[in-house]
Amino acid sequence: MKITTTTFGDIELLDFTTLDDAMKGSILEIRNHSKVREQMHSQDIIDKNDHLKFIASLKGNNYKKYFVAKYEQRLLGVIYFTDIDEKDRSAVFGIYANLLEKRDKIGSILMETALIYFKDILSFKTLNLEVYESNQRAAGLYLKFGFVVDDHFYQDSHKVLNMKWVKSDL
């Protein structure tokens, strides 16, 4: 599916359940990058079998949607929505960038694409996310795109911010 962004043009979103084996391997490599893992709740290295089982579990799952984002034929990263609630028109959201390639504005491209998908395709109202307070770059990106800090909690000794974005034109 193509998402047309105002700032960056067309971004291609590939559903995880439609990926070929090579792309599944590329996503696993990106997800297991040390800088990506350190920002995730589960920081363990994911093995290939668990990765493939996870992707298989997404087929027919109405509560989770995972997408590879590609721009100008380059793999930018992953956009995902979990805890999708049709009744409340809400979801939990996350992104992770392809840190194996250096590209300016990856976070902004992923964010703009995700918000368009959320507003125009899902037509939902509320988006939630969690981010480590120490990850100031990501927290700043989320603030730039209209998220606000709603609450926080501690995971081990790390402060985790709950952030929320609400569609304003409903």
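Before any of the text, the structure's been laid out above.
Bear in mind that the values here come from a model prediction, so they are computed numbers and not experimental data.

## A look at the overall build of the protein chain
Point 1. Regarding its fold elements, the protein chain presents 5 helices and 8 strands.
Point 2. In summary, the protein chain has a C-alpha radius of gyration of 15 Å against a globular reference of 15 Å for 170 residues, a match within 12%.
Point 3. Seen through its principal axes, the protein chain has C-alpha atoms that stretch 40 × 40 × 35 Å.
Point 4. Across the 170 residues of the protein chain, 46% fall into the buried class.
Point 5. When contacts within the protein chain are restricted to residue pairs at least 6 apart in sequence, long-range pairs at least 24 apart make up 56% of them.
Point 6. Carbon and sulfur atoms provide 46% of the accessible area of the protein chain, an area that totals close to 9600 Å².
Point 7. Of note, the protein chain has its 24 positive side-chain charges centred 2 Å away from the centre of its 25 negative side-chain charges.

## Quick look at the packing of helix α4 (residues 106–122) against helix α5 (residues 136–144)
Point 1. Taken N-terminus to C-terminus, the directions of α4 and α5 make an angle of 40°; their axes are 11 Å apart at the nearest point. Between α4 and α5, the angle is such that the two are oblique. The handedness of the crossing between α4 and α5 comes out as right-handed. Only Leu-141, Tyr-142 and Lys-144 of α5 make contact with α4, whose side of the interface consists of Gly-107, Ser-108 and Met-111.
Point 2. Here the contact of α4 with α5 is built from residues that sort into 3 nonpolar, 2 polar and 1 charged.

## Some thoughts on the sheet that holds strand β2 (residues 9–15)
Point 1. Within the open sheet, the 8 strands sit side by side as β1-β2-β3-β4-β5-β6-β8-β7. Their pairing is mixed. Each edge of the sheet is formed by a strand with only one pairing partner; in this case those strands are β1 (2–5) and β7 (148–155). Averaged over neighbouring strand pairs, the angle between their axes works out to 30° when direction is ignored.
Point 2. Bridging between strand β6 (residues 126–132) and strand β8 (residues 158–166) involves 7 bridges; their strand directions are antiparallel. Residue pairing across strands places Leu-129 opposite Met-163, the latter belonging to β8.

## Description of the nonpolar core
Point 1. Core analysis: the largest hydrophobic core is formed by 37 residues, its most contacted members being Ile-79, Phe-81, Phe-93, Leu-127, Tyr-142 and Phe-147.
Point 2. At 10 residues, α4 tops the list of elements feeding residues into this core.
Point 3. Those residues within four positions of Phe-147 in sequence are excluded, and the remaining contacts are Phe-93, Met-111, Leu-115, Leu-127, Leu-129, Tyr-142, Met-163, Lys-164 and Trp-165.
Point 4. Listed in part, the 14 residues of the second largest apolar core include Leu-14, Leu-19, Met-23 and Tyr-66.

## A word on unusual backbone geometry
Point 1. Phi is positive for Gln-73, close to 70°, though the residue is something other than glycine.
Point 2. Along the chain, the position of Gln-73 falls in the loop between β3 (65–71) and β4 (74–85).
Point 3. By relative accessible area, Gln-73 is classed as exposed at 65%.
Point 4. One non-glycine residue with positive phi stands out, namely Arg-89, at about 55°.

Conventions used here
Counting starts from 1 at the beginning of each chain's written sequence and moves along it residue by residue. Where local features are concerned, this predicted model is filtered to residues with pLDDT of at least 70; where side-chain atom pairs are given and counted, the filter is 80 or more; whole-chain, interface and lining totals use all residues. The side-chain values count all of the structure's non-hydrogen atoms but skip hydrogen atoms and water molecules. A run of H or I in DSSP counts as a helix once it spans at least four residues, and a run of E counts as a strand once it spans at least two, with each numbered from the N terminus. This radius of gyration counts C-alpha atoms alone. The globule rule is 2.2 Å times how many residues there are, raised to the power 0.38. The buried label goes to any residue with under 20% of its type's maximum accessible area, the exposed label to any with over 50%, and the partly exposed label to all in between, with areas taken from a 1.4 Å probe on protein chains only. Two residues qualify as a contact provided that any one of their heavy atoms is within 4.5 Å of a heavy atom in the partner residue. Areas reported here follow the Shrake-Rupley algorithm with a probe of radius 1.4 Å; residue values treat only the protein chains shown as occluding. Under this rule, positive means Lys or Arg and negative means Asp or Glu; His and the chain ends count for nothing. Taken as the charge location is NZ of Lys, CZ of Arg, CG of Asp or CD of Glu. Axes, fitted as lines to C-alpha atoms, cover a helix only where it is in contact. Angles between the N-to-C directions of the axes lie from 0 to 180 degrees. Comment on the angle field: the value is read as roughly parallel under 35 degrees, roughly antiparallel over 145, roughly perpendicular from 65 to 115, and oblique elsewhere. For a crossing to be left-handed, the near helix must be turned anticlockwise from the far one by less than a right angle; the clockwise case is right-handed. Under the scheme applied, nonpolar residues are Ala, Val, Leu, Ile, Met, Phe, Trp, Tyr, Cys and Pro; charged residues are Asp, Glu, Lys and Arg; polar residues are all the others, including Gly. Any two strands between which DSSP finds at least two bridges are classified as paired. We define the nonpolar core as a collection of buried residues of types Ala, Val, Leu, Ile, Met, Phe, Trp, Tyr and Cys that are connected through side-chain atoms lying within 4.5 Å of one another.

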